[in-house]
Amino acid sequence: MNPNLPLPPVSVLVAARNEEDSILACLQSLAALTYPIDRLDICIGDDGSTDGTAAIVSNFIRDKPHFRCQKITGQLGQARGKANVLAHLARAARGQVFFVTDADVTVPSHWIETMLAAAAPNVGIITGVTVPRADGPWSAMQALDWAYALYVVNRLAAYNIPVTTMGNNMAVTRSAYESTGGYENLPFSITEDYQLFREVLARKYDFRQVYLPDAVAITIAMPTLQTWLQQRKRWTYGALQAQWYLRLLLFLPVVLLPLLGALAWANPSAAGLVWLGFMCVQMWVLSQAARTLQQHKLLRWVWLYPFYHVFGACITLVYYYLPIPTVWKGRRY
């Protein structure tokens, strides 16, 4: 973002469905943004909530004219679920840049400025960093998982290798979004963020990934193994559409476990050295990631992450192929 140019008007798009336990914290973080209010348009889409979400939003935004809430009742084109909400909100948005986050996410106060600092004339989509709040070992593993994956995305982005974006922490220019026809004209995908990312890049727009503390959004960790598996199953749909070398990188831990087992049968010492090397590399990367993002409380858990990563990848792949429907926000896909 050129400091000599006027700040662009931006719209923050938030899809909400039955979020009464988390949306107030999200709204409070959006109200604390330091971006000039006269350049800021915050749009919340109530996607058929049956709890107290609508009332919480209505009460909170009553005296905040830069906030708006839209009740989503119809379907636009091929869009469904969150994609449908975002399609509606994008049509009503006033900004030149759309910032997208979720109702269970809190964003840092300098989020908009930090992300816009990565903007350039042909950059169509900018990705930030999201990590779950770490309240214990289970949520810390998820936080490290997100930080690790996005660190790899950032390193690949430095060599202009696109991977994905984050649907709860991204910015897309209006021109790039509209060049795709919007979510209502895109093939439906349960990973709508990755679908948009691919379509924007297909239209020759560039991308950026911002790996900085002021671009870190905090989300809620999956509370149970079942919800965790459902989340991973959704992500795997998108991952299997990625380039072959990215799929290989993603499923390397799945291959590692049987290889280590076979090696341990033939040469236990060699298997131990391979596992130790794998752990050391991952722990080093995680230490770099946690320090870069100033998530220092995660450092105490990095030794445990390699075990979580390998076994988590294996059970995710098994669960993906089980004939179990994906359920997200109370909807089956």
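Sequence positions are assigned chain by chain, starting from 1 and proceeding in written order. A pLDDT threshold of at least 70 governs which residues receive local features in this predicted model, and a stricter bar of 80 or more applies before side-chain atom pairs are shown or counted, although totals over entire chains, interfaces and linings include all residues. Hydrogens are left out, water is left out, and the side-chain values use all remaining heavy atoms of the structure.

## What about helix α11 (residues 268-292)?
Given a rise of 1.5 Å per residue, 25 residues ought to cover 36 Å, and the 36 Å separating the end C-alpha atoms of α11 matches this to within 8%. Only protein chains enter the accessibility calculation, which uses a 1.4 Å probe. A residue is then buried if its area is under 20% of the maximum for its type, exposed if over 50%, and partly exposed in between. Secondary structure elements are taken from DSSP: a helix is a run of H or I of four residues or more, a strand is a run of E of two residues or more, and numbering for both begins at the N terminus. Three or more residues of α11 are buried, namely Ala271, Trp275, Phe278, Met279, Gln282, Val285, Leu286, Ser287, Ala289 and Ala290. What makes two residues a contact is simply this: any of their non-hydrogen atoms within 4.5 Å. Buried-residue contacts for α11 involve α5 (137-157), α10 (252-266) and α12 (305-321). Phi turns positive, to about 60 degrees, at Gln294, one or two residues after α11. Multiplying 1.5 Å by the helix residue count minus one yields the expected span of that helix.

## Here we look at the pairing of strand β8 (residues 206-209)
Along β8, the buried face is formed by Phe207 and Gln209; none of Asp206 and Arg208, which line the opposite face, is buried. When DSSP locates at least two bridges between a pair of strands, those strands are taken to pair. By the bridge criterion, 4 bridges tie strand β5 (residues 123-127) to β8 in an arrangement that is parallel. Note on β8: the bridge partner recorded for Thr127 is Gln209.

## Quick notes on the packing of α11 against α12
One can describe the packing of α11 onto α12 by two numbers: an axis separation of 9 Å at closest approach and a directional angle of 110 degrees. Between α11 and α12, the angle falls in the class roughly perpendicular. Within the contact between the two elements, α11 uses Trp275, Phe278, Met279, Gln282 and Leu286 and α12 uses Tyr305, Pro306, Phe307, His309 and Val310. Just so you know the grouping, Ala, Val, Leu, Ile, Met, Phe, Trp, Tyr, Cys and Pro go in nonpolar, Asp, Glu, Lys and Arg go in charged, and all remaining residues, Gly too, go in polar. Grouping the amino acids of the contact of α11 with α12 by side-chain chemistry returns 8 nonpolar, 2 polar and no charged. Every axis in this analysis is a line fitted to C-alpha atoms, fitted for helices over the stretch in contact. Angles between the N-to-C directions lie between 0 and 180 degrees. For classification, angles of less than 35 degrees are called roughly parallel, those exceeding 145 degrees roughly antiparallel, those between 65 and 115 degrees roughly perpendicular, and all remaining angles oblique.

## With respect to the nonpolar core
Here, the term nonpolar core denotes a set of buried Ala, Val, Leu, Ile, Met, Phe, Trp, Tyr and Cys residues that are joined through side-chain atoms within 4.5 Å. With 33 residues, the main nonpolar core has Val12, Leu30, Ile44, Phe99, Trp111 and Ile112 as its most contacted residues. If sequence neighbours within four positions are ignored, Ile44 has contacts with Val14, Ala16, Ile23, Leu27, Val57, Phe67, Arg68, Cys69, Gln70 and Leu89. Ranked by size, the runner-up nonpolar core spans 32 residues in total, among them Ala134, Leu286, Leu293 and Tyr305.

## Quick look at the environment of Ile72
Here Ile72 shows up in the loop between β3 (67-71) and α3 (81-92). Owing to a relative accessible area of 8%, Ile72 belongs among the buried residues under this scheme. Separated by 50 residues in sequence, Ile72 and Asn122 place their C-alpha atoms 32 Å apart. If we skip the residues at most four places from it in the chain, Ile72 touches Gly45, Asp46, Asp47, Gly48, Asn84, Val85 and His88.

## Regarding α10
For α10, built from 15 residues, the straight-helix expectation of 21 Å at 1.5 Å per residue is met to within 8% by its first-to-last C-alpha distance of 21 Å. Taken together, the buried positions of α10 are Pro253, Val254, Leu256 and Leu260. When α10 is viewed along its axis, its buried side chains cluster within an angular range of 165 degrees and face the same direction. Away from the buried face of α10 by more than 90 degrees, exposed residues Pro258, Leu259, Trp265 and Ala266 are located. Arc definition: it is the arc formed by the directions from the helix axis to the C-beta atoms.

## So, the packing of aromatic side chains
Here a Phe, Tyr or Trp ring, Trp counted by its six-membered ring, pairs with any other such ring whose centre lies within 6.5 Å, and the pair is stacked when the planes are under 30 degrees apart, edge-to-face when over 60, and tilted otherwise. For the structure shown, the criterion picks out 16 aromatic pairs. Their ring planes at 65 degrees and their centres at 5.9 Å tell us that Tyr177 and Tyr183 sit as a pair that is edge-to-face. Its relative accessible area of 5% is what places Tyr183 among the buried residues. Ring plane angle 75 degrees and centroid distance 6.0 Å describe the contact between Phe197 and Phe207, whose orientation is recorded as edge-to-face. In this pair, Phe197 is assigned in helix α7 (residues 192-202) and Phe207 in strand β8, connecting sequence segments 10 residues apart.

## Considering the side chain of Ser29
Summarising the element assignment, Ser29 is placed in helix α1 (residues 23-31). In this view, Ser29 contacts Val105, Thr106 and Val107; residues no more than four positions away in its chain are not counted.

## What about the pattern of salt bridges?
A pair is scored as a salt bridge if a Lys or Arg side-chain nitrogen falls within 4 Å of a carboxyl oxygen belonging to Asp or Glu. Throughout the structure, instances matching the rule amount to 10 salt bridges. Residue Lys82 is joined to Asp102 by a salt bridge in which the shortest nitrogen-to-oxygen separation is 2.7 Å. One end of the pair, Lys82, is in helix α3; the other, Asp102, is in strand β4 (residues 97-102), and 20 residues separate them in sequence. Relative accessible area serves as the criterion here: at 18%, Asp102 is assigned to the buried category. Salt-bridge contacts for Arg203 lead to Glu199; the nearest nitrogen and oxygen are separated by 2.8 Å. Overall, Arg203 belongs to the partly exposed group, its relative accessible area being 33%. By sharing partners, the salt bridges in this structure join Lys82, Asp102 and Glu192 into a single network.

## Considering the sheet that holds β3
Overall, mixed pairing links the 7 strands, which are arranged β3-β2-β1-β4-β7-β5-β8 in an open sheet. On the outer flanks of this sheet lie β3 and β8, each paired with one strand and no other. Direction aside, neighbouring strands of the sheet carry axes that sit 20 degrees apart on average. Across 7 bridges, strand β1 (residues 10-16) lies against strand β2 (residues 40-46) in parallel orientation. The residue bridging Val14 from the neighbouring strand is Ile44, located in β2. Along the sheet, α7 makes contact with β5, β7 (169-173) and β8, crossing β5 at roughly 150 degrees.

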